[in-house]
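Below are the chains, spelled out letter by letter.
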Amino acid sequence: MSYFDDLIDASLIQRELSVRGKTVPTWWKPLTAGQRVELLRGQVVKSDGETASVVEVDLAQSAERSQRMVVMTLCTEDGQAVYRALKDLQSDPSWLIDELVELARKVHDEGNG
């Protein structure tokens, strides 16, 4: 329980996934603050305090980070995880996972406003 329970809507977020001519419903758990921190681990921003910041991006880590967001939050209608582990998600075709990642970003960006 949180002091802010009245402000927090913990209900699942339902969105349609349309891919390859088919549409299926998907459900997402809201991303928690702890999960967001976990997803940020390993990202490095360097700044000398005067000029523009430099961001180092490891493309494989970036893709894995996005995939972990799907594992953390994609669920069935009754709230059970669709993927138990990252390796389970990574066994599905990349075209499907790319679409899930894009949808996950939209879902979780909506909740940050």
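Located above this text is the structure these notes cover.
First, a word on what this report is: a plain description of the structure on this page. Because the structure is a prediction, the values reported are computed rather than measured.

Another aspect to go through is the side chain of T73. With respect to the element layout, T73 can be found in helix α2 (residues 59-73). T73 sits in the buried class, given a relative accessible area of 1%. A polar contact is formed between the side chain of T73 and the backbone oxygen of M69, at a distance of 2.8 Å. Leaving out residues up to four positions away in the same chain, T73 has contacts with W27, W28, K29, L31, Q35 and H108.

The grouping of Y3, F4, L7 and I8 at the surface amounts to a nonpolar patch, some 550 Å² of accessible area in total. Position of F4 among the secondary structure elements: in the segment before β1 (13-19).

We now examine the packing of helix α1 (residues 33-40) against α2. For any two helices packed against each other, the geometry is given by the interaxial angle and the distance between the axes. Running from N to C, α1 and α2 cross one another at 160 degrees; their axes reach a closest spacing of 9 Å. As judged from the angle between their axes, α1 and α2 are roughly antiparallel. Crossing angle aside, the handedness with which α1 passes α2 is right-handed. Seen from α1, the contacting residues are Q35, E38, L39 and L40; seen from α2, they are R65, R68, M69, M72 and T73. Counted by class, the contact of α1 with α2 contains four nonpolar, two polar and three charged residues.

Cut-offs and rules
Residues numbered from 1 in each chain as written. Predicted model: local features only at pLDDT ≥ 70, side-chain atom pairs only at ≥ 80, totals over all residues. Heavy atoms only, no water. Helix = DSSP H or I, 4+ residues; strand = E, 2+ residues; numbered from the N terminus. Buried < 20%, exposed > 50% of the residue type's maximum accessible area, 1.4 Å probe, protein only. Polar contact = N/O pair within 3.5 Å; in protein donor to acceptor, adjacent residues only side chain to side chain. Contact = heavy atoms within 4.5 Å. Patch = residues over 30% accessible without salt bridge, like charges linked within 9 Å, V, L, I, M, F, W, Y side chains within 5 Å. Areas by Shrake-Rupley, 256 points an atom, 1.4 Å probe, with all protein chains shown as cover. Salt bridge = Lys/Arg side-chain N within 4 Å of Asp/Glu carboxyl O. Axes fitted to C-alpha atoms, helices over the stretch in contact; angles between N-to-C directions. Parallel < 35°, antiparallel > 145°, perpendicular 65-115°, else oblique. Left-handed = near helix turned anticlockwise from the far one by under 90°. Nonpolar A, V, L, I, M, F, W, Y, C, P; charged D, E, K, R; others polar.

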